[in-house]
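# Fold and geometry: a report
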Amino acid sequence: MSDGASIIPVILSGGAGTRLWPMSRPDLPKQMLALTAAETMLQLTAQRTAGNDRFSAPIIVANARHADLVEAQLDAINVKPRALILEPVGRNSAPAIALAAIAAGSGHRALLVMPSDHVIDDVAAFHTAIERARPIVEQGWLVTFGIDPHAPDTSYGWIKTGERIGKGVHKVLHFIEKPPLDRAATMLAAGDHYWNGGIFLFRADVYLAALAAHAPSMLAAAQRAMDTAERDGTRITPDATAFGASPAQSIDYAVMEKADQVAVVPVCMGWSDVGSWDALHALSPHDTKGNSIQGDVVVLDSSNCLVRSDGVRIATVGLSNMIVVASGNDVLIVPRGRSQEVKRLLEAMKKS
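Residues numbered from 1 in each chain as written. Predicted model: local features only at pLDDT ≥ 70, side-chain atom pairs only at ≥ 80, totals over all residues. Heavy atoms only, no water.

### Brief notes about helix 3 (residues 93-103)
Worth spelling out the cut-off: Working definition: with a 1.4 Å probe on protein chains only, accessible area under 20% of the residue-type maximum means buried, over 50% means exposed, and in between means partly exposed. Here a helix means four or more residues in a row that DSSP labels H or I, a strand means two or more in a row labelled E, and each is numbered from the N terminus.
For helix 3, the buried fraction is high: ten of the eleven residues fall into the buried class. At the exit of helix 3 stands Gly105, carrying a positive phi of roughly 110°.

If you want it as structure tokens, here you go:
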């Protein structure tokens, strides 16, 4: 496949990953950590398309403060980015993708948009889903990948599928915001709903045209920011004033929920957004009593716990279904099942 026909991966790495505090912090967020493997989440994401001629070099969109860290992590796995776009301010995913689409040339090239902090165990299944999506992407459709749900999860958005428009491809009837448990259970039982994993495939020009139709001020801000960007090798720093004028919206709200030609490709690929310590416990290896431990940790008479430290020693006796994480001078202790409340805890800490 020639480079002109290959897909350009776009890796979004601007998030702060606050739900995995205290290990994930503004200066070293979740995607920069090795949580599920020897490689960091960012490195694992980049490796999903590296060395495959169906994909060209990636465009990375990252927080400007992480520029050196991103380059060092990519260099360690021998991935040379097409561009490293350094956001001077975070404006959510829709403007970030606009920057990448402009950097890609604003033309017919297909962009594979991936968050930098997700787990995909079955990369072959992911690639198969991408190939299923390509024909309609070339026809001008915006495609999202629907994650095969295995629980009535209320922490994800959901997608309801409509008519079949290709092999393994359906039109999206509508998106559902994070539902209450009873509705999630109903959707799971119906069998025609999928989790919204936040992974997309579309042509750069089609995405920019959708922005022009549904969020013109966002497109104008992104274009101005790129027109006056500072460039240093592969590094692109959009103009801070121009980019800061963009509305801060997700791609789902700004484009996908409003555009006409939106399709979903359902896929079962061992996906997780690792959105909490509970999720990481489920993904991690366990001892015979269900404990997931890492670092300088001693666990006695304890079961079904996650205990991690990147420094100080942690010793537990008689714990059950607990999460204990130590990083630097901070320690998190929370029952399993409540780690989604870390954001609320951080807000309380700020107030105090």
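### A short note on the pattern of salt bridges
The cut-off we apply is this: For this analysis, a salt bridge means a side-chain nitrogen from Lys or Arg found within 4 Å of a carboxyl oxygen belonging to Asp or Glu.
If you walk through the whole model with that rule in mind, you get twelve salt bridges. In this structure, the salt-bridge partner of Asp205 is Arg203, at a minimum N-O distance of 3.0 Å. The same class applies to Asp205 and to Arg203, which are both buried. Here the salt bridges share partners, and the residues they tie into one network are Asp68, Glu71 and Arg235.

### A look at a nonpolar patch on the surface
The cut-off we apply is this: Surface patches are drawn from residues lacking salt bridges whose relative accessible area is over 30%; two like charges belong together within 9 Å, two nonpolar side chains (Val, Leu, Ile, Met, Phe, Trp, Tyr) within 5 Å. Values of accessible area rely on a 1.4 Å probe in the Shrake-Rupley scheme; residue burial ignores everything except the protein chains shown.
Where nonpolar side chains cluster on the molecular surface, the patch consists of Val298, Leu300 and Val317 and spans about 270 Å² of accessible area. Within the fold, Leu300 resides in strand 15 (residues 297-300). By relative accessible area, Leu300 is classed as partly exposed at 47%.

### Brief notes about the environment of Ser320
Rules: In this analysis, two residues are considered to be in contact whenever any of their non-hydrogen atoms come within 4.5 Å of each other. For the purposes of these results, a polar contact is taken to be a pair of N or O atoms within 3.5 Å, where, inside protein, one atom must be able to donate a hydrogen and its partner to accept one; residues adjacent in sequence count only when each atom of the pair is a side-chain atom.
When you line up the elements, Ser320 lands in the loop between strand 17 (314-317) and strand 18 (322-327). Spatially, the C-alpha atoms of Ser320 and His66 are 37 Å apart, while their sequence positions differ by 254 residues. Contact partners of Ser320, with chain neighbours within four places excluded, come to Ser303 and Cys305. Separated by 3.2 Å, the side chains of Ser320 and Asn321 make a polar contact.

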